[in-house]
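Inside the fold
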2 protein chains.
Amino acid sequence: MINGDAASLISQIRDAVNKLIMSEFERRHIKGIVPSHGDILVYLYKHTNVTMKELAEHIHRSKPTVTVLINKLEEYGYVVREKDGSDNRITYIKLTQKGTELYPIFNDISVEIRERMYGGFSEQEGEQLEQLLQNLLRRF
Amino acid sequence: MINGDAASLISQIRDAVNKLIMSEFERRHIKGIVPSHGDILVYLYKHTNVTMKELAEHIHRSKPTVTVLINKLEEYGYVVREKDGSDNRITYIKLTQKGTELYPIFNDISVEIRERMYGGFSEQEGEQLEQLLQNLLRRF
DNA sequence: CCATTATAGTTTTACATCTAACTATTGTCA
DNA sequence: TGACAATAGTTAGATGTAAAACTATAATGG
């Protein structure tokens, strides 16, 4: 029997995940950081020569939002901006030492979130969920 | 093969759904209204003697948020506040004529969203999705 | 070459939402 | 009964996010 509340469930899960991430930041005394900052740092741990535009695309936020997010990460000393030598429009975002040192923490939190998301499911159910969600997203 | 990106997918779907709802409001020339206002109105169409607290619980927003949302709905003339006779702490939210007239529009939008969410799935897949999401939410 | 167009990024402005603190009212229990 | 706790709702303040407009730079085609 279909209930029709998938949209509501998805919205609630999203809020719950964000809340959990925030509480993990809190627990580890990382202040002033929100989930989107985490998305940026996690992306930076896996890629080099990352531009603002590239970040915006990958964390699924607008360019102005990324500007603000990077402003704060820079202010906290986790990243620095670096201009491209040949194309002055482009800005690369580089991790600082301090930003790099956060890697284990963000990795732990990623693992914890994934555990919370998939921990109650069998392998097969986890795959099913992803398949259905990918399918659903493709329709928008 | 599990990808581990269910949280990201859910976040993206949520954003896409909200965007679709906003564009439907736009298309029907309903101005200044956000999805949460829609949630409130849809709830009011189905229930009577609704309090602020009850609304907050059912649309999964905080009490201050509901205060602000109702302020706007009242300002637009869609609802009115009414004090309880015996317990003066309680405020009931009532639909006005103008609010009631919006029913067909919000109903249409609800149908459209549900169609978009479930339209690409078989009955069985729709049920599976809901089951998995309910299960997932319960773990938070 | 130069004018137009495209691209990268920021600033401005607006707003939905939350937490914390507050007011007002009602309930409780010693 | 009267002090304290609980409950309903609002206000104040902060912040994440986006759209629109803007600046600056590069690419392109006549």
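Residues numbered from 1 in each chain as written. Chains lettered and ligands numbered in written order. Predicted model: local features only at pLDDT ≥ 70, side-chain atom pairs only at ≥ 80, totals over all residues. Heavy atoms only, no water.

Digging into the protein's contact with DNA strand C
By nearness alone, 23 residues border DNA strand C, and Lys53(A), Lys63(A), Thr67(A), Thr91(A) and Thr65(B) come closest of all. Counting only the atoms of DNA strand C that lie within 4 Å of the protein, the sugar and phosphate share comes to 68%. The contact in question runs from a phosphate oxygen of DNA strand C to an N or O atom on the side chain of Ser36(B), over 2.9 Å. When contributions to the surface near DNA strand C are tallied by element, the ones reaching two or more residues are α3 (52–59) and α4 (63–75) of chain A together with α4 (63–75) of chain B. The leading source of residues in the surface near DNA strand C is α4(B), at five residues. Partitioned by chemical class, the residues of the surface near DNA strand C number seven nonpolar, eight polar and eight charged. (Near = heavy atom within 4 Å. Polar contact = N/O pair within 3.5 Å; in protein donor to acceptor, adjacent residues only side chain to side chain. Helix = DSSP H or I, 4+ residues; strand = E, 2+ residues; numbered from the N terminus. Nonpolar A, V, L, I, M, F, W, Y, C, P; charged D, E, K, R; others polar.)

Structural notes on the UniProt feature "domain: HTH marR-type" (unreviewed entry) in chain A
Per the UniProt record, "domain: HTH marR-type" (unreviewed entry) is annotated on residues 3–138 of chain A. Here residues 3–138 of chain A is 68% helix and 9% strand, with 22 Å between the C-alpha atoms at its ends. (UniProt positions renumbered as here; feature names shortened; annotations may be inferred.)

What to know about the sheet that holds strand β3 (residues 91–95) of chain B
Residue and element names in this part refer to chain B. Taken in spatial order, the three strands of this open sheet run β1-β3-β2, and their pairing is antiparallel. Unpaired on one side and paired on the other, β1 (50–51) and β2 (79–83) mark the two borders of the sheet. Sheet topology places β2 next to β3; five bridges connect them, and they run antiparallel. Paired with Arg 81 across the bridge in β3 is Ile 93. Strands in contact with helix α2 (residues 35–46) are β1, β2 and β3; relative to β3, the strand with the most contacts, it is inclined by about 85°. Sheet contacts for α4: β2 and β3; angle to β2, the most-contacted strand, approximately 115°. (Pairing = 2+ DSSP bridges. Contact = heavy atoms within 4.5 Å. Axes fitted to C-alpha atoms, helices over the stretch in contact; angles between N-to-C directions.)

A short note on the interface of chain A and chain B
Interface size is often expressed as the accessible area that is lost when the parts come together. In this assembly, 42 residues from chain A lie in contact with 42 residues from chain B. Regarding the contact of chain A and chain B, the summed buried area is about 4,400 Å², with carbon and sulfur atoms giving 69% of it. On inspection of chain A and its partner chain B, the count reaches two salt bridges. In this structure, the salt-bridge partner of Arg61(A) is Asp15(B), at a minimum N-O distance of 2.8 Å. The interface formed by chain A and chain B contains 20 residue pairs in polar contact (both at pLDDT 80 or more). (Buried area = accessible area lost by both parts, 1.4 Å probe. Salt bridge = Lys/Arg side-chain N within 4 Å of Asp/Glu carboxyl O.)

Description of the protein's contact with DNA strand D
Neighbouring DNA strand D are 24 residues; Thr65(A), Met52(B), Lys53(B), Lys63(B) and Thr67(B) lie closest to it. Backbone atoms, meaning sugar and phosphate, make up 70% of the atoms of DNA strand D lying within 4 Å of the protein. Measuring from a phosphate oxygen of DNA strand D, one finds a backbone N or O atom of Asn88(A) at 3.0 Å. Side-chain polar atom of Arg89(B) to a base oxygen of DNA strand D: 3.2 Å apart, as the coordinates give it. Per-element tally for the surface near DNA strand D: the top contributor is α4(A), with five residues. Here the surface near DNA strand D is composed, by residue class, of seven nonpolar, eight polar and nine charged.

Examining the pattern of salt bridges
For the coordinates displayed, the defined rule picks out 18 salt bridges over all chains. With a shortest N-O distance of 2.6 Å, Glu74(B) and Arg81(B) are connected by a salt bridge. On the basis of relative accessibility, which here comes to 30%, the residue Glu74(B) falls in the partly exposed class. In the salt-bridge network here, residues are joined through shared partners; they are Glu24(A), Arg27(A), Arg28(A) and Glu112(A). (Buried < 20%, exposed > 50% of the residue type's maximum accessible area, 1.4 Å probe, protein only.)

Points about α2(B)
In a regular helix each residue adds 1.5 Å, so twelve residues correspond to 16 Å; α2(B) covers 17 Å between its end C-alpha atoms and thus fits that length. Buried residues dominate α2(B), accounting for nine of its twelve residues. (Expected span 1.5 Å × (residues − 1).)

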